[in-house]
Amino acid sequence: MPAPVLTPFVPWLATAGFGWLYYRRIRRQFGRQVYQPRRTAIRIGLLSLVACGLLVAAFGIPHVAPALALGGIAGAVLGWLSQRHASVALVDGKREYTPNPWIGGVLSVLLVARLAWRWHVGAFAAGAQQMGQQASPLTFGFMAALVAYYLVSGIGLALRMRALSAQLPAAIAVEPPAQT
């Protein structure tokens, strides 16, 4: 009996859930962050799976393939630029980084705005049967750019932190006591 009562609210709850996830993601674009290698590795793995899914979508929905390719290239370039403008440091023996807030934040806001526009004009109301006909190349391009951006910046961050940890023993090395 409770199922029919919740049915009208499911789209709103799903939208609120995705909104909360995006809020958290965008919030992490600002300020110094403690590097968590396990979380970064999981994120790289999941984004690799999503990138493979987008590649399959490029073959399954041919009219979005050029947008996926252009979005992926643009996202990879932006990820590389973001890593060049991010800073990494050892603070109290912990590896920390400060991401470039503008590139990731703008990409995230653009995707949310595009999805909100598609929802507003009723693109998601038709159901899964018409997904292939209604697939927007612009939306898929934004998704590819965002996935490529986070994938390249995650891999770049992991490589930079690995190089920083190679310097870690030299930074912590204690000078032997002077003999008298």
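Novice: For this particular structure, what's the right way to read the overall build of the protein?
Specialist: In terms of helices and strands, the protein carries 7 helices and 3 strands. Beginning at the N terminus, the succession of helices and strands in the protein can be written as α-α-β-α-α-β-β-α-α-α. The buried share among the 180 residues of the protein stands at 29%. If you take every contact in the protein between residues at least 6 apart in sequence, the share linking residues at least 24 apart comes to 81%. Summed over its atoms, the accessible surface of the protein is roughly 11900 Å², and 71% of this surface lies on carbon and sulfur atoms.

Novice: Would you take a moment to explain the pattern of salt bridges for this structure?
Specialist: Oppositely charged side chains can form a pair if their charged atoms are brought close together. Scanning the entire structure with this criterion turns up 1 salt bridge. Where Glu-96 meets Arg-32, a salt bridge forms, and the shortest distance between an N and an O atom there is 3.6 Å. With Glu-96 in strand β3 (residues 94-98) and Arg-32 in the loop between α2 (10-27) and β1 (33-34), this residue pair connects regions lying 64 residues apart in the sequence. We classify Glu-96 as buried; its relative accessible area is 10%.

Novice: Please clarify how the packing of aromatic side chains should be interpreted in this entry.
Specialist: Tallied over the entire structure, the rule returns 1 aromatic pair. Judged by centre distance (4.9 Å) and plane angle (70 degrees), the ring pair of Tyr-149 and Tyr-150 falls under edge-to-face.

Novice: For this particular structure, what's the right way to read the side chain of Ser-153?
Specialist: Tracing the sequence through the fold places Ser-153 in helix α7 (residues 137-172). A distance of 3.4 Å separates a polar side-chain atom of Ser-153 from the backbone oxygen of Tyr-150. Setting aside its immediate chain neighbours within four residues, Ser-153 contacts Gly-79 and Gln-83.

Novice: Is there a simple way to explain the sheet that holds β1 in this structure?
Specialist: Sheets are built from strands that pair by backbone hydrogen bonding, the pairs being arranged parallel or antiparallel. Taken in spatial order, the 3 strands make up an open sheet running β1-β3-β2, and their pairing is antiparallel. Looking at the sheet topology across the chains shown, the edges are occupied by β1 and β2 (87-91). In the sheet, β1 pairs with β3 via 2 bridges, with the strands oriented antiparallel. Bridging across to β3, Gln-33 finds its partner in Tyr-97.

Novice: What should I look at first to understand the environment of Ala-116 in this one?
Specialist: Relative to the helices and strands, Ala-116 resides in helix α5 (residues 101-120). With 101 residues separating them along the chain, Ala-116 and Thr-15 place their C-alpha atoms 9.5 Å apart.

Novice: Is there a simple way to explain the nonpolar core in this structure?
Specialist: The nonpolar side chains of a soluble globular protein tend to be buried with one another. Core analysis: the biggest nonpolar cluster contains 20 residues, and Leu-54, Val-64, Leu-68, Leu-107 and Phe-140 have the highest contact counts within it. Elements with a contribution of two residues or more to this core: α3 (37-60), α5 and α7. Among the elements that take part in this core, α7 stands out by supplying 8 residues, more than any other. Non-local contacts of Leu-54, meaning those with residues more than four positions away in its chain, are made with Leu-68, Phe-140, Met-143, Ala-144 and Val-147. By size, the runner-up hydrophobic cluster in this structure holds 5 residues, among which are Tyr-35, Tyr-97, Leu-157 and Met-161.

Novice: What is the right way to look at the confidence of the model for the protein in this model?
Specialist: Detailed reading of the predicted coordinates is not advisable wherever pLDDT is low. Of the residues in the protein, 78% reach a pLDDT of 70 or more, and the chain-wide mean stands at 77. In the model of the protein, helix α6 (residues 131-134) stands out as the element of lowest mean pLDDT, 53, in contrast to helix α4 (residues 65-84), which has the highest, 91.

Cut-offs used in this document
Residues numbered from 1 in each chain as written. Predicted model: local features only at pLDDT ≥ 70, side-chain atom pairs only at ≥ 80, totals over all residues. Heavy atoms only, no water. Helix = DSSP H or I, 4+ residues; strand = E, 2+ residues; numbered from the N terminus. Buried < 20%, exposed > 50% of the residue type's maximum accessible area, 1.4 Å probe, protein only. Contact = heavy atoms within 4.5 Å. Areas by Shrake-Rupley, 256 points an atom, 1.4 Å probe, with all protein chains shown as cover. Salt bridge = Lys/Arg side-chain N within 4 Å of Asp/Glu carboxyl O. Phe/Tyr/Trp six-rings, centres within 6.5 Å; stacked < 30°, edge-to-face > 60°. Polar contact = N/O pair within 3.5 Å; in protein donor to acceptor, adjacent residues only side chain to side chain. Pairing = 2+ DSSP bridges. Core = buried A, V, L, I, M, F, W, Y, C linked by side-chain atoms within 4.5 Å. pLDDT = per-residue confidence, 0-100.

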